[in-house]
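Chain by chain, the residues run as shown.
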Amino acid sequence: MRERLLKVLVIGDLGVGKTSIIKRYVHQVFSQHYRATIGVDFALKVLNWDHKTVVRLQLWDIAGQERYGNMTRVYYREAVGALVVFDMTRLSTFQAILKWKGDLDSKVALSNGRPVPAVLLANKCDQRRHGLCPKLPKLENFSKEYGFVDWYETSAKPPPPALRDKALSHSQTGPGV
Ligand code: GDP
Ligand code: MG
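The following paragraphs examine the structure supplied in this document. Everything quoted here is computed from the prediction, not taken from an experiment. (Residues numbered from 1 in each chain as written. Chains lettered and ligands numbered in written order. Predicted model: local features only at pLDDT ≥ 70, side-chain atom pairs only at ≥ 80, totals over all residues. Heavy atoms only, no water.)

## Some remarks on the pattern of salt bridges
Just so we agree on the cut-off: What counts as a salt bridge is simple: a side-chain nitrogen of Lys or Arg found within 4 Å of a carboxyl oxygen of Asp or Glu. Only protein chains enter the accessibility calculation, which uses a 1.4 Å probe; a residue whose area is less than 20% of its type maximum is buried, one above 50% is exposed, and one in between is partly exposed. Secondary structure follows DSSP: runs of H or I at least 4 residues long count as helices, runs of E at least 2 residues long count as strands, and numbering of each begins at the N terminus.
Using the criterion set out here, one finds 7 salt bridges in the structure. Here Asp87 and Arg90 are joined by a salt bridge, their closest N and O atoms 3.3 Å apart. Note on Asp87: relative accessible area 2%, which makes it buried. Under the relative-accessibility criterion, Arg90 is labelled partly exposed at 33%. Residues Glu140 and Lys144 are paired through a salt bridge, measuring 2.9 Å at the closest nitrogen-oxygen approach. On the criterion of helical spacing, the pair formed by Glu140 and Lys144 is a turn pair, its members being 4 residues apart in helix α5 (residues 139-145). A cluster of three or more residues bridged by salt bridges with shared partners is formed by Asp87, Arg90 and Lys124.

## Considering a nonpolar patch on the surface
What counts is decided by this rule: Each patch is assembled from residues with relative accessible area greater than 30% and no salt bridge, linking like charges that lie within 9 Å and nonpolar side chains (Val, Leu, Ile, Met, Phe, Trp, Tyr) that lie within 5 Å. All accessible-area figures derive from a Shrake-Rupley calculation using a 1.4 Å probe, and residue coverage is judged against the displayed protein chains alone.
Together, Leu5, Leu44 and Val46 line one region of the surface with nonpolar side chains, adding up to about 260 Å² of accessible area. Position of Leu44 relative to the elements: it lies in strand β2 (residues 41-50).

## Remarks on the site of ligand 1
Here is the rule: Residues are labelled near a given molecule or strand when at least one of their non-hydrogen atoms is within 4 Å of it. Counted as a polar contact is a pair of N or O atoms within 3.5 Å, where, for protein atoms, one must be capable of donating a hydrogen and the other of accepting one, and residues adjacent in sequence contribute only when both atoms are in side chains. Three classes are used, and their members are as follows: Ala, Val, Leu, Ile, Met, Phe, Trp, Tyr, Cys and Pro are nonpolar, Asp, Glu, Lys and Arg are charged, and the others, Gly among them, are polar.
The environment of ligand 1 is made up of 19 residues, and the closest members are Lys18, Ser20, Ser31, Gln32 and Asp126. In this structure, an oxygen atom belonging to ligand 1 sits 3.3 Å away from a main-chain N or O atom of Val16. At 3.0 Å, a side-chain N or O of Lys124 approaches an oxygen atom of ligand 1. When isolated, ligand 1 has an accessible area of 580 Å², and the protein chains bury 86% of it. For the shell around ligand 1, the element with the highest residue contribution is helix α1 (residues 18-27), accounting for 3 residues. Across the shell around ligand 1, the residue classes break down as 4 nonpolar, 9 polar and 6 charged.

## Some points on the pairing of β2
Heads up, the condition is: Only when DSSP finds a minimum of two bridges between them are two strands counted as paired.
Bridge count between β2 and strand β3 (residues 53-61): 9 bridges; the pairing is antiparallel. Across the sheet, Asp41 pairs through a bridge with Asp61, a residue of β3. Hairpin connection of β2 to β3: 2 residues between the antiparallel strands.

## Description of the nonpolar core
Put simply, the rule is: We call a set of buried Ala, Val, Leu, Ile, Met, Phe, Trp, Tyr and Cys residues a nonpolar core when their side-chain atoms join them within 4.5 Å. Residue contacts are counted whenever heavy atoms from the two residues lie within 4.5 Å of one another.
Core analysis: the biggest nonpolar cluster contains 28 residues, and Leu9, Ile11 and Tyr76 have the highest contact counts within it. Of all the secondary structure elements, the ones that give two or more residues to this core are β1 (2-11), α2 (73-76), β4 (81-87), α4 (97-107), β5 (118-123) and α5. For Ile11, the contacting residues outside a window of four places in its chain are Lys18, Ile62, Tyr75, Tyr76, Leu83, Val84, Val85, Trp100 and Leu104. Val10, Val16, Val26 and Val85 belong to the second largest nonpolar core, which has 16 residues in total.

## Quick notes on the side chain of Lys45
How we decide: In summary, the charge assignment counts Lys and Arg as positive and Asp and Glu as negative, without counting His or the chain termini.
Within the secondary structure layout, Lys45 lies in strand β2. Lacking a salt bridge, the buried Lys45 has Asp61 as its closest oppositely charged neighbour, with an N-O distance of 15 Å. Within the structure, the side chain of Lys45 is placed 3.0 Å from the backbone oxygen of Tyr25, a separation counted as a polar contact. Each residue touching Lys45, except ones within four places of it in the same chain, is listed here: Tyr25, Val26, Gln28, Val55, Arg56 and Leu57.

The following block contains the structure:
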């Protein structure tokens, strides 16, 4: 069995949902109130990648230092991927995306010198009706233009039961997969 430890950063402005995304993905929980912890926090997600590889995904949360808009090189060191998150309902967090991407690219690179692959996340898509969709540039073009490898709309908030049941009845894999 091969084991690979991958360090992935989760960056973006305060309140965009970084901690929520990590907690939901790793522990399947969601809360309205995460205490802003101070310093750096990380969570481990173990993935059985294939029959001979286990991936230990180490998700680094920045917990409280977002307000400065940049991080130390030590925080970025040896990262192999990044999620750059903004809140779909707050334009200022979208405007901060390029600052975060710039901070990342100026402080870390892969061992082959290439930029660390970064994925753009438009979080809180459950709040779309309060969102700034008409004001957002097309994320497909935006993410290509600024060197993101991909983009997704995300929500850390579980859907209400009615929607969830509908989603499950359409799913091939069922709950927990
Ligand atoms: P962080 O500062 O980036 O770590 O943001 P948090 O994870 O602490 O989230 C800030 C607030 O947004 C909290 O009240 C969360 O419950 C809420 N939140 C996070 N993600 C979502 C989401 O996808 N949808 C909704 N509706 N609220 C969210
Ligand atoms: Mg947080």
